[in-house]
Amino acid sequence: DPLVLFNLGALHLDLGRAQEAIPLLERSIERAPAGFSLVCKSHVLLVCAQRQLGRADEALRACRAGRAKLPREPELLFYEGLLLQEAGDPVGAETHLRELLQMPPSSDLAGNDIGLRGYKTQHNLAIALRDQKRWQEAETVWRAAISSRADFAPAWLGLAGLFTSQGRWDDLEREAVRAEARSETREMAALLRARVHLARKEFSPAVELLKAAAVRLPHAAWPRLLLAEARWLGGGEPAVIERALRDVLALDPNHLPTRQRLAQLIGRANATLPAPEQEPSTE
């Protein structure tokens, strides 16, 4: 049954078992009757599973296979843009993301992520523009994303990264002061100041600032994400870094950069373990 297969695949993916999710989602797509309401979501989850496993080419192929059948589906268009960006093609990413932003609003909001028609896509478009060294355009688009969703931390981080790369410390401080003045953006000020500390390699004050933010915001991923970044860059104890990475994954199990860093950290630890002693031969 395609519905059962879809739900099993989605459950495996939520549990971080992408390898087991893939054949279930593929079978759901194969067996889906015409008009099956979850066929688009099946394609999206298949793309996410391949991407989670680091199979960029397979993820892009899966995305394009879905778009061949559903060329105007926002999620598939979004993921193709994202995958092109990750593959080092910011021009291709820009084309797809602009197309998505120009699509008319959907009358069917059920199950749709409204951020795909606005701030989430604007954020990724800004990244594509930044990677093309179109600094002013990137800043404008990040500001538009923040205007659409004042508490969208990735856009604030993108803007902060742009300012720090250009040494615009006064502009960054002004943004932090403005953020502190509004209740809906007050926590973003802590994010901006932590980003400054990280840029200046001041890891201890960044850690203290982010630990306090994580306590105030127990369900928010961004303070834990930046805290993991501070632990990683600061070169602390591996066990402390691992705990910070796992705290991110507890809130966002499919966060790809964090999963990659955790695998890298575990790989380093395994590489330093002594080889096991060989058992005496019984021959």
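In this report, we go over the structure that sits alongside the text. Nothing here was measured: the structure is a model prediction, and the numbers come from that model. (Residues numbered from 1 in each chain as written. Predicted model: local features only at pLDDT ≥ 70, side-chain atom pairs only at ≥ 80, totals over all residues. Heavy atoms only, no water.)

Along its length, the protein chain carries 15 helices and zero strands. Of all 283 residues assigned to the protein chain, the portion counted as buried reaches 44%. Looking at the protein chain alone, contacts between residues at least 24 apart form 48% of all its contacts between residues at least 6 apart. As presented, the protein chain carries roughly 15,300 Å² of accessible surface, and 53% of it is formed by carbon and sulfur atoms. In the protein chain, the 37 positive side-chain charges and the 37 negative ones have mean positions that sit 4 Å from each other. (Helix = DSSP H or I, 4+ residues; strand = E, 2+ residues; numbered from the N terminus. Buried < 20%, exposed > 50% of the residue type's maximum accessible area, 1.4 Å probe, protein only. Contact = heavy atoms within 4.5 Å. Areas by Shrake-Rupley, 256 points an atom, 1.4 Å probe, with all protein chains shown as cover. Lys, Arg positive; Asp, Glu negative; His and termini not counted. Charge placed at Lys NZ, Arg CZ, Asp CG, Glu CD.)

A word on the packing of aromatic side chains. Scanning the entire structure with this criterion turns up two aromatic pairs. Here the aromatic rings of Phe78 and Tyr79 are separated by 5.6 Å at their centres, their planes lie at 85°, and the arrangement is edge-to-face. Arranged with centres 4.8 Å apart and planes meeting at 65°, the rings of Tyr119 and Phe152 form a pair that is edge-to-face. Here Phe152 lies in the loop between α8 (135–148) and α9 (153–165) and Tyr119 lies in helix α7 (residues 119–131), a separation of 33 residues in the sequence. Note on accessibility: Tyr119 and Phe152 belong to one class, buried. Positioned over the ring face of Trp169 is Arg200, at 4.4 Å from the centre of the ring. (Phe/Tyr/Trp six-rings, centres within 6.5 Å; stacked < 30°, edge-to-face > 60°. Lys NZ or Arg CZ within 6 Å of the ring centre and 35° of its normal.)

Moving on: the environment of Ile146. Residue placement: Ile146 occurs in helix α8. For Ile146 and Lys120, which are 26 residues apart along the polypeptide, the C-alpha to C-alpha distance reads 9.9 Å. Ignoring anything within four residues of it in the chain, the contact list for Ile146 reads Ala155, Trp156 and Leu159.

Further remarks concern the nonpolar core. By size, the foremost hydrophobic cluster in this structure holds 71 residues, and its most contacted members are Tyr79, Trp142, Leu191 and Trp222. At eight residues, α9 tops the list of elements feeding residues into this core. With residues near it in sequence (within four places) discarded, Trp142 still touches His123, Ala126, Ile127, Arg130, Pro154, Ala155, Gly158, Leu159 and Leu162. Judged by nonpolar contacts, the second largest core, of nine residues, contains Ala228, Ala244, Leu245 and Val248. (Core = buried A, V, L, I, M, F, W, Y, C linked by side-chain atoms within 4.5 Å.)

Located in the positive-phi region is Lys133, a residue other than glycine, with phi close to 65°. Residue classification places Lys133 among the exposed positions, given a relative accessible area of 60%.

Here we come to the pattern of salt bridges. If charged atoms from side chains of opposite charge come close, those side chains can pair. Within this structure, the stated rule accounts for 23 salt bridges. Here Glu80 ties to Arg64 by a salt bridge, and the two come within 2.8 Å at their closest N and O atoms. Pair noted here: Glu80 is in helix α5 (residues 74–86) and Arg64 is in helix α4 (residues 56–69), with a separation of 16 residues, a long-range link. The class of Glu80 is buried, set by a relative accessible area of 5%. On the accessibility criterion, Arg64 (43% relative accessible area) is partly exposed. Put simply, Glu94 and Arg98 hold a salt bridge, and the shortest N to O gap is 2.8 Å. With a gap of four residues between them, Glu94 and Arg98 both fall in helix α6 (residues 90–102), about one helical turn apart. Relative accessible area serves as the criterion here: at 11%, Glu94 is assigned to the buried category. What you see here is one network of salt bridges that share partners, running through Glu139, Arg143, Arg168, Asp171, Arg174, Glu175 and Arg178. (Salt bridge = Lys/Arg side-chain N within 4 Å of Asp/Glu carboxyl O.)

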